[in-house]
Amino acid sequence: MVALVDVRRLIPRTDAVLADPRLTSAQQRLGKPLVLAAVRQAQDQARAGDIEPSAVADTAAAAIPAGAASLTPVINATGVLLHTNLGRAPLSPAARAAVQAAAGCTDLEFDLASGTRGRRGRGMLAALSAAVPDAEAVHVVNNNAAALVLAATALATGREIVVSRGELIEIGDGFRLPALLESTGARIREVGTTNRTTAGDYADAVGPQTGFLLKVHPSNYRIEGFTASASVADLAALGVPVVGDIGSGLLEPHPLLPDEPDAATWLRAGAALVTASGDKLLGGPQAGLLLGRSDLIGQLARHPLARALRVDKLTVAALEATLAGPLSPVAEALAADPAELRDRSERMADRLTAAGVDARSVVAEGAVGGGGAPGVGLPSAAVSLPAALAPVLRAGDAVRRGATPAVVGRIDDGRLLLDLHAVAPADDGVLCAAVLAAAG
Ligand SMILES: *Cc1c(COP(=O)(O)O)cnc(C)c1O
């Protein structure tokens, strides 16, 4: 009892700890509440006897977060190019710079030459139009789900959306496309069967109640065997608008992903509207692209709901830079040469082995992930490490202080694999340093 009282009296006062130079500079950077929380936590630890009272300032300084937001930068060494849990597409340096530049006040809806109101995001819309010349008009909303909701609301409320039974998909995290579409007041008219749906099935369902025909790319599953589906061209011939959800956001065909649909091909085949995500294979920020007939795009863009789904200036900036700027990191990763990946993993394994780490280069198989190309394996290479390093790499001390990013790999056969397919070559040095720090 006496000892407890003594310890309490020895715990430094809050204002005294806050005066520590490390903590005053942290307050300027992060604001007072986050620093105060770190101090209180350290005082609690001293009270509980977990640390010496004299260590309160040091403990608080070590516990101060790297930034004011809790999101931690992660190196994606999972081999999955588009990992939904890791924020899908990483932005290019050009897109990051555009976000930074737009973060303050910017001419988002203002014409600097005339000093009057300007069209919101006109540069981004022009870049999108230029990237998809087959689209008469374009519009951008928060994500692909929002694009579908806007199309259903504006074109099919109180009417029917005709869609194949084999394409009523669950996007992920329990969200299902049919439920999303029905939430707008549109009715789903299912046609065909799970494995086979023909153009005739759609034709039989078309009538005065039809809002549009919906074609959805099965982006996260495959139906194989005795199958049939109607093409966009087949559906366009039925004389009602066809809305095509390509999911992935490929604007034109990609040679390595021949089965992945793209906006240009579906528009040329007669789709009235194509919807897609911005943060999948397009490699940009979260956004929903709407591309197609100018009368329909105009109807959607003027609908009251469009205001609730509009994108913010940071998205506008990142999307324009992704469309107009250099190749996205996702596109670069997709095109990575397997021999080059192998060289990188061997170099990294050699460096780690020389430092005494149990590391070796192994052949691996990556995947596109939530963004598309289900079942397509991407030849890759990985550094194999003891599995015990996995939690240390995910959240080491160095990570919290911002010294190295967190690293997320995958466990395979009792080893931690750091797959290099989704890692930018420029990050190899940081990745290696993170492993050395974790092992050391
Ligand atoms: C990913 C995906 C969606 C959902 O897109 P978000 O941008 O995540 O809203 C919808 N449809 C398909 C086919 C998809 O692949």
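Bear in mind that the values here come from a model prediction, so they are computed numbers and not experimental data.

K.L.:
Is there a simple way to think about the domain arrangement of the protein chain in this case?
P.N.:
Put simply, an interface is often sized by how much accessible area is lost when its parts join up. As far as domains go, the protein chain holds domain 1 (9–63), domain 2 (74–87 + 331–439) and domain 3 (93–327). In this structure, domain 1 and domain 2 have C-alpha centres spaced 36 Å apart.

K.L.:
Help me understand the packing of aromatic side chains in this model?
P.N.:
In this description, a pair of aromatic rings is defined by centroid distance and the angle of the planes. Per the stated rule, a full pass over the model turns up zero aromatic pairs. Geometry around Phe-226 places Arg-196 over its ring, the cationic atom sitting 4.0 Å from the centre.

K.L.:
Before we go on, may I ask you to explain the site of the ligand in this structure?
P.N.:
Looking at the ligand, there are 13 residues lining it, with Ala-145, Ser-219, Asp-245, Ser-277 and Lys-280 nearest. Asn-144 places a main-chain nitrogen or oxygen 3.0 Å from an oxygen atom of the ligand. Its free accessible area being 390 Å², the ligand has 94% of it covered by the protein chains. Contributing elements (two or more residues each) for the shell around the ligand: helix 8 (144–156) and strand 11 (242–247). Here the shell around the ligand is built from residues that sort into four nonpolar, six polar and three charged.

K.L.:
Looking at this structure, how should I read the nonpolar core?
P.N.:
A general tendency of soluble globular proteins is for nonpolar side chains to be buried together. With 35 residues, the main nonpolar core has Leu-128, Val-132, Val-140, Val-274, Leu-289, Leu-291 and Leu-319 as its most contacted residues. It is helix 7 (residues 122–131) that provides the largest number of residues to this core, a total of four residues. Among residues more than four places away in sequence, those in contact with Leu-289 are Leu-128, His-139, Val-140, Ala-147, Leu-251, Val-274, Thr-275, Ala-276, Leu-282 and Leu-319. In this structure, Val-141, Ala-152, Ala-154 and Leu-296 belong to the second largest nonpolar core, which totals 30 residues.

K.L.:
What should I look at first to understand the sheet that holds strand 15 (residues 377–386) in this one?
P.N.:
Adjacent strands of a sheet form backbone hydrogen bonds with each other and so pair up, either parallel or antiparallel. Pairing within the open sheet is mixed, and its five strands lie in the order 2-14-15-18-17. The open sheet is flanked by strand 2 (80–82) and strand 17 (410–412), the only strands paired with a single partner. Across this sheet, the average inter-strand angle for adjacent strands is 45 degrees, counted without regard to direction. Across two bridges, strand 2 lies against strand 14 (residues 360–369) in parallel orientation. Its bridge partner lying in strand 14, Val-80 is registered against Ala-367.

Rules used in this analysis
Residues numbered from 1 in each chain as written. Predicted model: local features only at pLDDT ≥ 70, side-chain atom pairs only at ≥ 80, totals over all residues. Heavy atoms only, no water. Domains from an automatic or database assignment. Phe/Tyr/Trp six-rings, centres within 6.5 Å; stacked < 30°, edge-to-face > 60°. Lys NZ or Arg CZ within 6 Å of the ring centre and 35° of its normal. Near = heavy atom within 4 Å. Polar contact = N/O pair within 3.5 Å; in protein donor to acceptor, adjacent residues only side chain to side chain. Areas by Shrake-Rupley, 256 points an atom, 1.4 Å probe, with all protein chains shown as cover. Helix = DSSP H or I, 4+ residues; strand = E, 2+ residues; numbered from the N terminus. Nonpolar A, V, L, I, M, F, W, Y, C, P; charged D, E, K, R; others polar. Core = buried A, V, L, I, M, F, W, Y, C linked by side-chain atoms within 4.5 Å. Buried < 20%, exposed > 50% of the residue type's maximum accessible area, 1.4 Å probe, protein only. Contact = heavy atoms within 4.5 Å. Pairing = 2+ DSSP bridges. Axes fitted to C-alpha atoms, helices over the stretch in contact; angles between N-to-C directions.

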